[in-house]
Amino acid sequence: MDFPDQYDRLKIQTVCLMVIAVVLVTFSIFWLRPVLVPLVVALFVVSGVTPLLNGLEHRLGVNRLVAAGITIITGLVAMIVFGFAIWISMVDLSRNATAYRTRVQEIVNHLEDTASSILPTSLVPQPQRAAANTTAEDASEFIDIFVRDGITMLSQALIGLISTSAVVLIYVFFLLIGTSTIGDTGSVAREIDKQVRTYLSLKTVISVFTGAAFGATLYLFGVPMAFTFGVLAFLLNFVPNIGPIVASVLPVPLILLDPDAGVGWMISVIAVTGLIQLISGNLIEPKLMGNSSDLHPVTVLVALMFWGMMWGVVGMFLATPITAAMRILLDRIEVTKPIAELMAGRWQSGSEEAIAG
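Everything numeric here is computed off the predicted structure, so don't read it as measured data. (Residues numbered from 1 in each chain as written. Predicted model: local features only at pLDDT ≥ 70, side-chain atom pairs only at ≥ 80, totals over all residues. Heavy atoms only, no water.)

In terms of helices and strands, the chain carries 14 helices and zero strands. Reading the chain from its N terminus to its C terminus gives the helix and strand order α-α-α-α-α-α-α-α-α-α-α-α-α-α. Of all 357 residues assigned to the chain, the portion counted as buried reaches 34%. For the chain, restricting intrachain contacts to residue pairs at least 6 apart in sequence, the fraction spanning at least 24 positions comes to 73%. Counting every atom, the chain has about 21100 Å² of accessible surface; 72% of that belongs to carbon and sulfur. (Helix = DSSP H or I, 4+ residues; strand = E, 2+ residues; numbered from the N terminus. Buried < 20%, exposed > 50% of the residue type's maximum accessible area, 1.4 Å probe, protein only. Contact = heavy atoms within 4.5 Å. Areas by Shrake-Rupley, 256 points an atom, 1.4 Å probe, with all protein chains shown as cover.)

Okay, the nonpolar core next. Ranked by internal contacts, the top residues of the largest apolar core, which has 38 residues, are Phe44, Val172, Leu176, Trp307, Trp311, Leu318 and Ile322. Elements with a minimum of two residues in this core: α2 (33–60), α3 (64–95), α6 (135–178), α7 (187–220) and α12 (297–331). A total of 12 residues in this core trace back to one element, the largest contributor, which is α12. The residues contacting tryptophan 307, other than those within four sequence positions of it, are Ile29, Gly312, Gly315, Met316, Ala319, Ile322, Thr323 and Met326. Grouped together as the second largest cluster of nonpolar side chains are 13 residues, Phe214, Val223, Met225 and Leu254 included. (Core = buried A, V, L, I, M, F, W, Y, C linked by side-chain atoms within 4.5 Å.)

For the coordinates displayed, the defined rule picks out three salt bridges. Measuring nitrogen to oxygen at the nearest pair gives 2.6 Å for the salt bridge that ties lysine 203 to glutamate 285. You can see lysine 203 sitting in helix α7 and its partner glutamate 285 sitting in helix α11 (residues 263–289), a full 82 residues away along the chain. Lysine 203 sits in the buried class, given a relative accessible area of 2%. (Salt bridge = Lys/Arg side-chain N within 4 Å of Asp/Glu carboxyl O.)

Once that is clear, we can look at a nonpolar patch on the surface. A surface patch of nonpolar side chains, about 540 Å² in accessible area, is lined by Leu275, Leu278, Ile279, Leu283, Ile284 and Leu288. Structurally, leucine 275 can be placed in helix α11. (Patch = residues over 30% accessible without salt bridge, like charges linked within 9 Å, V, L, I, M, F, W, Y side chains within 5 Å.)

Taken as a whole, the chain shows an average pLDDT of 76; of its residues, 71% reach a score of 70 or greater. Mean pLDDT in the chain bottoms out at helix α14 (residues 347–356), which sits at 47, and peaks at helix α9 (residues 242–249), which reaches 88. Here residues 128–132 scores under 50 on pLDDT; set against residues more than four positions off or in separate chains, the count is three contacts. Low pLDDT, under 50, characterises residues 349–357; the stretch is placed with zero contacts to residues that sit more than four places away or in other chains. (pLDDT = per-residue confidence, 0-100.)

A word on the environment of lysine 337. Looking at the element boundaries, lysine 337 is found in helix α13 (residues 337–343). Taking the C-alpha atoms as reference, lysine 337 lies 8.7 Å from arginine 327; in sequence the two are 10 residues apart.

Looking at the secondary structure, you find valine 269 in helix α11. The class for valine 269 is buried, based on a relative accessible area of 0%. Spatially, the C-alpha atom of valine 269 lies 9.7 Å from that of leucine 220, the residues being 49 residues apart in sequence. Beyond its immediate stretch of four places on either side in the chain, valine 269 contacts Leu218, Phe221, Val223 and Ile255.

Below, the discussion takes up the packing of α2 against α12. Where α2 contacts α12, the axes come no closer than 11 Å and their chain directions differ by 35°. Of the two elements, α2 crosses α12, and the hand of that crossing is left-handed. Where α2 approaches α12, its residues Arg33, Leu36, Val37, Val40, Val41 and Phe44 are matched on the opposing element by Met310, Trp311, Val314, Leu318, Pro321 and Ile322. Of the residues assigned to the contact of α2 with α12, the class counts are 11 nonpolar, no polar and one charged. (Axes fitted to C-alpha atoms, helices over the stretch in contact; angles between N-to-C directions. Left-handed = near helix turned anticlockwise from the far one by under 90°. Nonpolar A, V, L, I, M, F, W, Y, C, P; charged D, E, K, R; others polar.)

Further remarks concern the packing of aromatic side chains. Tallying each qualifying case throughout the model produces five aromatic pairs. Where phenylalanine 173 meets phenylalanine 174, the ring centres are 5.5 Å apart and the plane angle is 80°; that geometry is what we call edge-to-face. When the ring of phenylalanine 221 is compared with that of tryptophan 265, the centres are 6.4 Å apart and the planes differ by 70°; the resulting orientation is edge-to-face. Residue phenylalanine 221 is found in the loop between α7 and α8 (226–236), and its partner tryptophan 265 is found in helix α11; the two are separated by 44 residues along the sequence. (Phe/Tyr/Trp six-rings, centres within 6.5 Å; stacked < 30°, edge-to-face > 60°.)

Across the interface, α7 lies against α8 with an axial gap of 7 Å and an inter-helix angle of 155°. By the angle between their directions, the pair α7 and α8 is classed as roughly antiparallel. Pair α7 / α8 crosses with right-handed handedness. When α7 is examined against α8, the residues Thr204, Ser207, Val208, Gly211, Phe214, Gly215, Leu218 and Tyr219 are found in contact with a partner set consisting of Ala226, Phe229, Gly230, Ala233 and Phe234. Classifying every residue of the contact of α7 with α8 by side-chain character gives eight nonpolar, five polar and no charged. (Parallel < 35°, antiparallel > 145°, perpendicular 65-115°, else oblique.)

Okay, structure coming up:
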């Protein structure tokens, strides 16, 4: 008669141990992020470039070390191009600071003239008139702070990119020359590698075309930093749901502060760039990718928040492929299989099958 009590105690102990294990793993993921982030990024990069590496070996007739060297050189060239784009953007932003300051002053003067035409000057209290006289100076100071903060942010992004990418490239080089395929150790690894590779390849192709169209549109409309905004649109497209919205909002201040811009021009630029993101995210991407990650949208949003909290912006980029890999692992274990089904959004079918059984 003691068996039910022993079973209940064992079940409670198992649940407690699982909770403790999850807490410890979560703390370890956060504490070890300086080591884990470059390593995980390198693993995904290797998964994506391995087919290209194999193609280089067969087409050029070179060994794996030479093919890996060519891949690393290509990565370095991409880093240099991106760094050069950021530097050009800093120069462009600094050069246009005077024009932005003039634009803000014109807007302030226009608002003051409109207020004066509606309300006679004699009826405006003296403190408000004095405050209006200092508005232009405040606007100029705001633009100076905006430009200075923008240049500082871009500089920090460039330094962070160089330091992180250097470590990632070292990991990638040794991973590429160390094994021919990631999935040789077992069927689970092969399945994860296949799903991650499919997701990354399709997402990269869609992001390239989205970023190119976004940047080309801004360039044709004459918006400064068009190339940088195009690169950012390419990168942010890897962040589901949130990334395209952020990419669309980023150039808006420069569009609104353009000294030669009219209302129609502003509306046209914002509408066209927003339409590009809308078509990419709601028409092209669902048609080409379907549900390649096999994750429910709510699961993706929760993963974005969790990995963003753990690893910052890089965690948001990696949230979907990491969560997809976790779902595959959980699906292979009988005890955790219901969690994998829940992550895929198939809890209803699972419940119906359980009732039918």
